[in-house]
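Breakdown of the fold
Read off the chains here:
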Amino acid sequence: MTTTKQLRRWLISVARPVLKPLGASIVFRHVDQLAGLALLAISAGAVTKVAGNALGAPASETAWLPNTAAMLAVVLVTVSLVKGLARYLEHFFGHLVAFKALELLRVRLYQALVPQTPALMQRSTSGDLLVRATKDIDRIEVFFAHTFPPAVTAVTVPVIGVLAIGGIASWPVALVAAAGLVVSLATAWLGSGANLAVSHRVAGLRGRISQHVTDSVQGMAEVTGYGHVTRRLDELVGLDAQVAAAQRSRSRFQAARNGLQVIAMGATTLVATIVAVGQGLGLVPTAVTIALIWRLFDSTAAVKDFMSSLDVSMAAAERVHRIVTVAPLITDPESSAQLPDGPLAVAWNQVSYSYPSEGIAREPAVKDVTIDVPAGTHCCLIGHSGCGKSTLLQLALRFDDPQSGRVLVGGVDVRRLEAAQLRSRVALVSQSPFLFHGSIADNLRVASPDATDDQLHEVLRIAQLDEEVEAMPGGLGAPIGEQGQRLSGGQQQRLALARALLTPADVFLLDEFTSHLNRDLADRVREGLRAARPRVTIIESTHLLDAVRADQVVRLDAGRLVSA
Ligand SMILES: Nc1ncnc2c1ncn2[C@@H]1O[C@H](COP(=O)(O)OP(=O)(O)OP(=O)(O)O)[C@@H](O)[C@H]1O
């Protein structure tokens, strides 16, 4: 696991371009804190001056205070205004840095996700990823907005305050104050290791809760249909209980830290008063000194306050860091080859592939498969469910590299191609295509944002979907619901095919793309596709063994080629 120190360095390196205003935030926090000290000192001085007058305190003790009530009011109002403005500016600059830094982190996360897709989805879940990209990144705000300025002033302001007490009141009292403040600072670290572990645990649990809720909502029909409502609720309550139990241990440390701080403050006040009296310090200087000490404890207490939220922030940073830094399954070559223009052949050459399995030995999904699909022809991969058809198609798009053998597109090993180039020439219509919440047109224009309505109608016609779309209220503008839920399975498949047809692809990989269509409609879709794109290479997979007229039919069984 990445250490907190490494995480801090990483966060600062990400935010470096926007760190400058943090200096301003630190400066304004000093102004705010010192103005607070001044306010308390003047107020305490003024109050005890009144009492001191009655008790006959010497005038020299209060000579530094404003002479009249009006002057006192002017001074207090002015210092308060300065304090208020400084506090505002401290927060403004701190949050400016924080929100800019979070923006940079979100961009980093997104940029890291793109090359890792789709392999990442094998290692993470969408609900958990969502929490990382939103909540976890938000929690890192504490690191930027609420850590540096209080950390600096927790040291500098007490040092200034103690020196002031020593200079104007008494050095022994200053020493007592210093000792108390050091103890107060040290208590902030009480249980920090355990708290960090709890924060990691809670962050992981929150990811699981999010995934559980996502699954329950998306699988509502199954949850209610199979009578799982109570079980799923119980599971959720169980996860919540684990979060609560973990939080309880954090709260215990928090309470202990608060208690110790109050004890340190009380003990320091008592001892400082005894020493001040022993030193013969007057009433006003003693009162002002005690007031200053109390205020200085506020500065050190700020460390305790941010330490508990910093744990949460660091646990969140670790989860984001893990995604951003995970090595992608595939990377672009340093010097890439170019695909030839025109129709492209596809070939699997003695390809064997096993899915990554985290140490568990796994049977290869495809073993020693060799298939040649000449450019512009139609090849059909046939075999029972699980025989490796989708895997072969995905290897042609370089979702991952085979452990042995080569996959060639246009005669070029796909490892020598940039992913963007490969994916612009090879289109995959997957078994469960993803459809966005939006209209028919929105989903088609994912492939070609500037496509005209005529072009959209044309590809819908090729996919044999145009008449059905025209009959929908709104036509191209008809909303299809989340993940296309308002469409039938067969309509979803044809919409995905129409979308792929808007790309300039020379190879179409069609994974079970007619599995929801009746035989007659499936044949019409194939014929329409071939007539509209006579030069493209079509590689189709199906488990219907009596299928399809094609230039080449390849049979697979348990990952091996049976006939080609
Ligand atoms: N992401 C994955 N992680 C691990 N194993 C996988 C993964 N995807 C597929 N497999 C395994 O690889 C083998 C081949 O799967 P593949 O999806 O290629 O088969 P298929 O012929 O396309 O099946 P179907 O007709 O059911 O779609 C199967 O044993 C499957 O369990």
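Treat the numbers as computed from the prediction; the structure is a model and nothing was measured.

Definitions and cut-offs
Residues numbered from 1 in each chain as written. Predicted model: local features only at pLDDT ≥ 70, side-chain atom pairs only at ≥ 80, totals over all residues. Heavy atoms only, no water. Helix = DSSP H or I, 4+ residues; strand = E, 2+ residues; numbered from the N terminus. Buried < 20%, exposed > 50% of the residue type's maximum accessible area, 1.4 Å probe, protein only. Contact = heavy atoms within 4.5 Å. Areas by Shrake-Rupley, 256 points an atom, 1.4 Å probe, with all protein chains shown as cover. Near = heavy atom within 4 Å. Polar contact = N/O pair within 3.5 Å; in protein donor to acceptor, adjacent residues only side chain to side chain. Pairing = 2+ DSSP bridges. Axes fitted to C-alpha atoms, helices over the stretch in contact; angles between N-to-C directions. Parallel < 35°, antiparallel > 145°, perpendicular 65-115°, else oblique. Left-handed = near helix turned anticlockwise from the far one by under 90°. Nonpolar A, V, L, I, M, F, W, Y, C, P; charged D, E, K, R; others polar. Phe/Tyr/Trp six-rings, centres within 6.5 Å; stacked < 30°, edge-to-face > 60°. Expected span 1.5 Å × (residues − 1). Arc of directions from axis to C-beta. UniProt positions renumbered as here; feature names shortened; annotations may be inferred. Disulfide = S-S within 2.5 Å. Domains from an automatic or database assignment.

**A word on the overall build of the chain**
Along its length, the chain carries 19 helices and 10 strands. Seen through its C-alpha atoms, the chain measures out along the principal axes to roughly 110 × 55 × 50 Å. Looking at the 564 residues of the chain, the share that counts as buried comes to 48%. Considering only intrachain contacts with a sequence separation of at least 6, the fraction spanning at least 24 residues in the chain is 80%. Carbon together with sulfur atoms contributes 61% to the accessible area of the chain, which is approximately 27,000 Å² in total.

**Notes on the site of the ligand**
Around the ligand lies a shell of 14 residues, among which Ser385, Gly386, Ser390, Thr391 and Gln431 are the nearest. Between the ligand and the protein, one listed contact pairs an oxygen atom with a side-chain N or O atom of lysine 389 at 2.8 Å. Here an oxygen atom of the ligand and a side-chain polar atom of glutamate 512 are 3.1 Å apart. Examining the composition of the shell around the ligand, we find that three residues originate from one element, helix H13 (residues 389-396), more than from any other.

**Let's talk about the pairing of strand S1 (residues 346-353)**
With respect to burial, S1 is a largely interior element, six of its eight residues being buried. Pairing geometry for S1 and strand S2 (residues 366-373), over five bridges, is antiparallel. Residue pairing across strands places valine 351 opposite valine 369, the latter belonging to S2.

**Some points on the packing of helix H9 (residues 192-218) against helix H12 (residues 283-325)**
Where H9 meets H12, the closest approach of the two axes is 8 Å, and the angle between their N-to-C directions is 50°. Of the possible angle classes, the one that applies to H9 and H12 is oblique. As H9 runs across H12, the sense of the crossing is right-handed. Contacts between H9 and H12 involve Ser192, Asn195, Leu196, Ser199, His200, Ala203, Gly204 and Gly207 on the former and, on the latter, Met307, Asp311, Val312, Met314, Ala315, Glu318 and Arg319. When the residues that make up the contact of H9 with H12 are grouped by side-chain class, the tally is six nonpolar, six polar and three charged.

**Details of the packing of aromatic side chains**
Under the criterion given, the structure shown has seven aromatic pairs. When the ring of phenylalanine 143 is compared with that of phenylalanine 144, the centres are 5.0 Å apart and the planes differ by 80°; the resulting orientation is edge-to-face. Both residues of the pair, phenylalanine 143 and phenylalanine 144, count as buried. Taken together, the aromatic side chains of Phe28, Tyr88, Phe92 and Phe93 make up a single cluster linked through ring pairs.

**Some points on helix H19 (residues 519-532)**
Between its first and last C-alpha, H19 extends 20 Å over 14 residues, near the 20 Å set by a 1.5 Å rise per residue. Every buried residue of H19 is accounted for by Leu521, Ala522, Val525, Arg526, Gly528 and Leu529. Projected onto a plane normal to the axis of H19, the buried residues spread over an arc of 165° and lie on a single side. Projecting away from the buried face of H19 at angles above 90 degrees are the exposed residues Asp520 and Ala531. Tucked inside the fold, the buried residues of H19 contact strand S3 (378-382), helix H16 (453-462), helix H18 (489-501), strand S7 (507-511) and strand S8 (537-542).

**Remarks on the sheet that holds S8**
Read from one edge to the other, the open sheet built from six strands follows the order S6-S7-S8-S3-S9-S10, with strand pairing classed as mixed. Strands with a single pairing partner mark the edges of an open sheet, and in this sheet they are strand S6 (426-429) and strand S10 (560-563). Strand-to-strand twist of the sheet, defined as the mean angle between neighbouring strand axes without regard to direction, takes the value 20°. Relative to S8, S3 is paired through five bridges, and the arrangement is parallel. Residue pairing across strands places histidine 378 opposite isoleucine 538, the latter belonging to S8. Packed on one face of the sheet, H18 meets S6 and S7 and runs near 170° to S6. Helix-sheet contacts for H19 involve S3, S7 and S8, and the interaxial angle to S8 is about 165°.

**Some details on the UniProt feature "transmembrane region" (unreviewed entry) in the chain**
Per the UniProt record, "transmembrane region" (unreviewed entry) is annotated on residues 34-52, 64-82, 142-169, 175-198 and 258-275. In the segment residues 142-169, helix accounts for 89% and strand for 0%; the C-alpha atoms at its two ends are 37 Å apart. Between the end C-alpha atoms of residues 175-198 the distance is 37 Å, and the span holds 83% helix and 0% strand.

**Considering the state of the cysteines**
Using the criterion set out here, one finds zero disulfides in the structure. A disulfide-free cysteine, cysteine 379 has its sulfur positioned 7.0 Å from the sulfur of cysteine 380, the nearest such atom. Note on cysteine 387: no disulfide assigned, nearest cysteine sulfur contributed by cysteine 380 at a separation of 11 Å.

**Side note on the pairing of strand S4 (residues 404-409)**
Here five bridges tie S1 to S4, and the two strands are oriented antiparallel to one another. Within S4, the residue paired with alanine 347 across the bridge is leucine 408. When S4 meets strand S5 (residues 412-413), the two strands line up antiparallel, connected through two bridges. The partner of valine 409 across the bridge, within S5, is valine 412. Hairpin connection between S4 and S5: a loop of two residues separates the two successive antiparallel strands, and glycine 410 in this loop has a positive phi of roughly 60°.

**Thoughts on the domain arrangement of the chain**
Looking at the assigned domains, one finds that the chain contains domain 1 (4-325) and domain 2 (346-563). Between the C-alpha centres of domain 1 and domain 2 the distance comes to 54 Å.

**Some details on the side chain of histidine 30**
Relative to the elements of secondary structure, histidine 30 occurs in helix H2 (residues 21-55). Not counting the four nearest positions on each side in its chain, histidine 30 is found in contact with Val152, Thr153, Thr156 and Val157.

**Side note on the sheet that holds S1**
Pairing is antiparallel in the open sheet, where four strands are placed in the order S2-S1-S4-S5. The sheet is open, and its two edges are formed by S2 and S5, each paired on a single side. Contacts from H13 reach S1, S2 and S4, with the element oriented near 115° to S1.

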